[in-house]
Amino acid sequence: MNPSDASYWTDQQLLEKYRKGHHNEWLGILLERYLHLIFGVCMKYLKNEEDARDTTQQICLQVLGTLPRHQVTYFKSWLYQVAKNHCLMKLRQGRHRRILPLSEGEIAEDITDGERAPDFQEQEVQYRHLNQALATLNEPQRRCLELFYLQKKTYQEVSEEAGYSLSQVKSHIQNGKRNLKLTMERLAKEAAPEENGNEP
């Protein structure tokens, strides 16, 4: 199977490819396919576009981290339930925190270089590129980023849970952020000629 032909594959075929090699590329294709579904669920429960965008990214990271531990047969149904449960958990917490790389703090500056906030269409493209970039990270980098940014754990807690030394954790987070930025910049450049070519 060629990733460029993925639009013709069923969810089950993509899941089988992922299970055989555990390459996040295949999972990233599935997430991209249902990005609007996740966003729709978030809007339904959170009633706020900004919170829904941030939570969509949180859910994508959660899926990347948890799917290997689950035997999923119907990905769309499973993903809907994951998104719904995540939103309900946020509502129970009584507050919406924007905690993902593109929405706050140092990593936001690293990736976006302090540029203006994108409009909705640009944000959708950025989310798609983020999912693709996350799929290219090695397991230590992705795992440390997930624990540090998604679960808001300290360096020490990440070290204890992931089994890396403090210096390794800091290195994985730093390298992971850098690799995310570089990959997203490359994807943006690759997309630019296609957008220009569509202009009248």
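Small disclaimer: the values here were computed from a predicted structure and weren't measured.

**Section: the pattern of salt bridges**
Logical step 1: Tallied over the full model, the rule gives five salt bridges.
Logical step 2: Ionic pairing is found between Asp-11 and Arg-33, a salt bridge with its closest N-O pair at 2.7 Å. Of the two residues, Asp-11 is situated in helix α1 (residues 11–21) and Arg-33 in helix α2 (residues 24–33); the sequence distance between them amounts to 22 residues.
Logical step 3: The class of Asp-11 is buried, set by a relative accessible area of 17%.

**Thoughts on the environment of Lys-170**
Logical step 1: Mapped onto the secondary structure, Lys-170 falls in helix α10 (residues 166–197).
Logical step 2: Remark: the alpha-carbon pair of Lys-170 and Gln-156, spanning 14 residues in sequence, is separated by 10.0 Å.

**Considerations on the packing of α1 against α2**
The geometry of a pair of packed helices is captured by two quantities: the angle between their axes and the separation between those axes.
Logical step 1: Interhelical geometry of α1 versus α2 gives an angle of 155° and a closest axis separation of 8 Å. What the angle tells us is that α1 and α2 run roughly antiparallel. As for how α1 packs across α2, the hand of that crossing is left-handed. Taken together, the residues of α2 that come into contact with α1 (itself represented by Asp-11, Leu-14, Leu-15, Lys-17 and Tyr-18) are Asn-24, Trp-26, Leu-27, Ile-29, Leu-30 and Arg-33.
Logical step 2: For the contact of α1 with α2, a count of residues per class yields seven nonpolar, one polar and three charged.

**Re the packing of aromatic side chains**
Logical step 1: Counted according to the given criterion, the structure contains four aromatic pairs.
Logical step 2: Between Phe-75 and Trp-78, the aromatic rings sit 6.0 Å apart at their centres with planes inclined by 40°, giving tilted as the arrangement. With Phe-75 and Trp-78 both in helix α5 (residues 75–93) and three residues apart, the pair spans about one turn of that helix.
Logical step 3: For Phe-75, a relative accessible area of 1% gives the class buried.
Logical step 4: Residue Trp-78 is classed as buried on the basis of its relative accessible area of 17%.
Logical step 5: A ring pair is formed by Phe-148 and Tyr-155, whose centres lie 4.8 Å apart and whose planes are at 20°; its orientation type is stacked.
Logical step 6: One aromatic cluster in this structure is built from Tyr-34, Phe-75 and Trp-78.
Logical step 7: Cation over ring: Lys-170 sits above Tyr-155, and NZ or CZ is 5.4 Å from the ring centre.

**Some words on the confidence of the model for the protein**
Detailed reading of the predicted model is not advised wherever pLDDT is low.
Logical step 1: Here the protein shows a mean pLDDT of 76. Residues at 70 or above account for 74%.
Logical step 2: Low confidence marks residues 95–120, where pLDDT is under 50. Its contacts with residues over four positions away, or in another chain, come to 59 contacts.

Definitions and cut-offs
Residues numbered from 1 in each chain as written. Predicted model: local features only at pLDDT ≥ 70, side-chain atom pairs only at ≥ 80, totals over all residues. Heavy atoms only, no water. Salt bridge = Lys/Arg side-chain N within 4 Å of Asp/Glu carboxyl O. Helix = DSSP H or I, 4+ residues; strand = E, 2+ residues; numbered from the N terminus. Buried < 20%, exposed > 50% of the residue type's maximum accessible area, 1.4 Å probe, protein only. Axes fitted to C-alpha atoms, helices over the stretch in contact; angles between N-to-C directions. Parallel < 35°, antiparallel > 145°, perpendicular 65-115°, else oblique. Left-handed = near helix turned anticlockwise from the far one by under 90°. Contact = heavy atoms within 4.5 Å. Nonpolar A, V, L, I, M, F, W, Y, C, P; charged D, E, K, R; others polar. Phe/Tyr/Trp six-rings, centres within 6.5 Å; stacked < 30°, edge-to-face > 60°. Lys NZ or Arg CZ within 6 Å of the ring centre and 35° of its normal. pLDDT = per-residue confidence, 0-100.

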